[in-house]
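Structural overview for review
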Amino acid sequence: MNAFDISAVTSELSNLIKGSRIGKIYQINRNILLLKLRDPNGEIRYLLIEAGRRIHVTKYDFEKPKMPPNFCMALRKYLENGIIEDVVQYDFERIVELIIRRGGQIYRLITELFAEGNIILVGSDNKILHALNYRKMRDRNIIRGEVFKYPPPRGKDLRHVTLKDIQRIKDFGKIEVVRALTRVLSVGGLYAEEILLRSDIDKNKLCSLLTDEDLTALLNSVKELASQIGSWKPCLYVDEAGEFIDVTPFPLKRYSGFSMIEVESFNEALDEYYAKVVLKSEIREVEKIVEREIANLTRILREQEERLRELSEKSGIYRQIGEKIFAHLHEIDFLINRIMNEKRRGKSWEEISKSMLKDKALTPSIRFLSINPKNLILQVSVDGRFLDLNLRLSAQQNAAKYYERAKKMEDKIKGLEKAIEETKRKILEKRAEAEKKADAAKLPLIVRRKKEWYEKFRWFFSSEGFLVIGGRDAGTNEVIIKKYMEPRDIVLHADIPGSPFTVIKTQGKTPSEKTLREAAQFTASYSRAWKENLRAIDVYWIKPEQVSKKPPSGEYLPRGSFMIYGTKNYIRGVPLEVAIGVKREGDLFKVIGGPPEAVSKQTRLYVKIVPGKEPSGRLAKNIRFILAKMAPMEDRDKILGIAIEDIQAFIPSGRGSISLEKGR
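Here is a short report on the structure shown in this document.

Cut-offs applied
- Residues numbered from 1 in each chain as written.
- Predicted model: local features only at pLDDT ≥ 70, side-chain atom pairs only at ≥ 80, totals over all residues.
- Heavy atoms only, no water.
- Salt bridge = Lys/Arg side-chain N within 4 Å of Asp/Glu carboxyl O.
- Helix = DSSP H or I, 4+ residues; strand = E, 2+ residues; numbered from the N terminus.
- Core = buried A, V, L, I, M, F, W, Y, C linked by side-chain atoms within 4.5 Å.
- Buried < 20%, exposed > 50% of the residue type's maximum accessible area, 1.4 Å probe, protein only.
- Contact = heavy atoms within 4.5 Å.
- Phe/Tyr/Trp six-rings, centres within 6.5 Å; stacked < 30°, edge-to-face > 60°.
- Lys NZ or Arg CZ within 6 Å of the ring centre and 35° of its normal.
- Expected span 1.5 Å × (residues − 1).
- Polar contact = N/O pair within 3.5 Å; in protein donor to acceptor, adjacent residues only side chain to side chain.
- Axes fitted to C-alpha atoms, helices over the stretch in contact; angles between N-to-C directions.
- Parallel < 35°, antiparallel > 145°, perpendicular 65-115°, else oblique.
- Left-handed = near helix turned anticlockwise from the far one by under 90°.
- Nonpolar A, V, L, I, M, F, W, Y, C, P; charged D, E, K, R; others polar.

Taken as a whole and assessed by the stated rule, the structure comprises 43 salt bridges. Between lysine 64 and aspartate 61 there is a salt bridge, with the nearest N and O atoms lying 3.2 Å from each other. A salt bridge links arginine 135 to glutamate 116; the shortest N-O distance between them is 3.6 Å. One end of the pair, arginine 135, is in strand β11 (residues 135–136); the other, glutamate 116, is in the loop between β8 (105–112) and β9 (118–122), and 19 residues separate them in sequence.

Once that is clear, we can look at the nonpolar core. Among soluble globular proteins, nonpolar side chains are generally buried collectively. Core analysis: the biggest nonpolar cluster contains 76 residues, and Leu35, Leu47, Leu79, Leu109 and Ile169 have the highest contact counts within it. With seven residues, helix α1 (residues 3–17) is the largest single contributor of residues to this core. What leucine 109 contacts, discounting residues up to four positions off in sequence, is Leu35, Ile49, Leu75, Leu79, Val96, Glu97, Leu98, Ile100, Ile119, Ile120 and Leu121. With 64 residues, the next largest nonpolar core counts Ile504, Ile580, Leu627 and Ile644 among its residues.

Applying the stated criterion across every chain yields a total of 25 aromatic pairs. With 5.9 Å between their ring centres and 70° between their planes, tryptophan 459 and phenylalanine 650 make a pair best called edge-to-face. Here the residue tryptophan 459 occupies a position in strand β20 (residues 458–461), and phenylalanine 650 occupies one in the loop between α17 (644–648) and β31 (655–658), the gap between them amounting to 191 residues. One cation-aromatic arrangement involves arginine 405 over tyrosine 402; the distance from NZ or CZ to the ring centre is 5.0 Å.

Our focus in this paragraph is α1. Every α-helical turn comprises 3.6 residues, leaving residues that sit three or four positions apart pointing alike. In this model, α1 (15 residues) spans 20 Å end to end at C-alpha, consistent with the 21 Å of a helix rising 1.5 Å per residue. Listed as buried for α1 are Ala3, Phe4, Asp5, Ile6, Ser7, Ala8, Val9, Thr10, Glu12, Leu13, Ser14 and Ile17. For α1, the N-terminal capping position is held by asparagine 2, with its side-chain oxygen 3.0 Å away from the main-chain nitrogen of phenylalanine 4. In the segment just after α1, glycine 19 is the residue with positive phi, at about 90°.

To continue, consider the packing of helix α5 (residues 189–199) against helix α6 (residues 212–227). With their axes 8 Å apart at the nearest point, α5 and α6 run at an angle of 120° to one another. Accordingly, the angle class assigned to the pair α5 and α6 is oblique. The chirality of how α5 crosses α6 is right-handed. In this structure, α5 uses Tyr191, Glu194, Ile195, Leu196, Arg198 and Ser199 to contact α6, whose residues at the interface are Ala217, Leu218, Ser221, Val222, Glu224 and Leu225. The class makeup of the residues in the contact of α5 with α6 is seven nonpolar, two polar and three charged.

Most peptide bonds are trans, and most residues other than glycine sit at a negative phi. Of note, asparagine 81 is a non-glycine position whose phi angle comes to about 75°, a positive value. When you line up the elements, asparagine 81 lands in the loop between α2 (70–79) and β6 (83–89). One non-glycine residue with positive phi stands out, namely phenylalanine 92, at about 55°. Mapped onto the secondary structure, phenylalanine 92 falls in the loop between β6 and β7 (95–102).

This is the structure we're talking about:
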């Protein structure tokens, strides 16, 4: 993002999120923060901040890490439940500040959107509390406890440029005017080119050749661009293939050759643009990583195959030498004995060598070459094959040594052949993994669905259409009974400690036995009985007037517990079983769960689970995969893009197992 982009987005954000309360803060990856905000009217928005790249409200959903990094935890400590008092751009630079009030303190969350970028938390005393990236620089330090300093300005603020500032460009002499503009003005290459296009000046023209008319034209174009600040007309540019080229806060002459799509807000434009740009960059990054890994494995394979060739050659040579020695066993023994006898008679090695070279009595197939006295190695030629013989050993022993070497080489060859097969297998696996990662990266980002009020509880709709809600814990049990239970509703509880209170919202109607049994199965499945791996349990239902928070005299009721008075209506032997499926809502899929009979009325795409030991994370991934396989081909990517935690929310007690009985 450039200074114009930031000016546009901060003016919109000031209207959108000013006065909002910060809920959860997530760190999606190394550089991206996601702030959950609730405005004074109760509307939820998510602010995405990526260091060095972007800041905008997003409608897309992101998978959140289970373990937040330290930086995220620090921000939560200082900023959660704080109120955003303002969103400002610092001095037309690529810096955005969120002014946040919490607990009588004022904090600034400063996002630097240039170079590698940074996100810095500054206290009311202007000292750095935490930073995404700590570093020491020539002009300032980003160190905890130090006073925060802004980076020096890149150039003159466009809003205050004069003719004198423009005339400075000529001082750059033989530098192209487009490069000089980026040094004099606080703009990047894109807007430097835009200024020159509007001035009808070649961007490669040398600064020394600029005329007075050129300088006046440049000043007018700068003022024209500056006048656009505050008069935003956000637009997206697409090429002939429909791919996004860029997003700008107002139309640019530079993109006049492309199709332009006007959008209502710059935040919306940025969200759409980056959703596709990030997708492409992730795919490219996956491809680069896998290409490097495959290239490394391929290099290893080449080295292994070259080594195999060398070992095979050596093994063959050693075996051939052994065979040559055996073929001339007596002649070689005669030669070795003659040399050693002459040495024992006192001759020097030099004398022996000269004698051997002159002797014509040696057999035609064996030719003496030399003797190495240091290690007693005799070099001969046997049938044209040069070989070394140990004078300490007999011919047969020499042959055995060569066979032994050949055998060692062959053992190494066997091990190397296995290693080569393993490397080939790894290359195939990496290619398959690359395809899988690329397919995963190609999954479209999921638009965040607006949740209903009852989704903060356990819930389902019965096969007769009744909404049934149940507590997730003691706190939500308390809320359901105190806030959402109405006189004509029906309340259920499993006959075991650690059961949710379940309420059938009747809206004044009378549910049949079918809805009662479904609500009973729902209550049983989300009770402690699931964790204890029971297969069935009794459940009872009562009327709201039988539920009381008032304990008997002298007793105390903990949070989420209630007294039950009067007759309990039992439903015996209720089986523990939950169906989890997906239901289409427009272009999106919503995860639903509950008793199988109720879920089957709403969708054919569901999986049944029963008590088991498989952890919810792995179980949820398996469920998502099965649901995607069950769906038509055109819907599979959308289902695979569903967040794992949306499925986990319907798995009782954080574990279970898939029922062998097919859900569909």
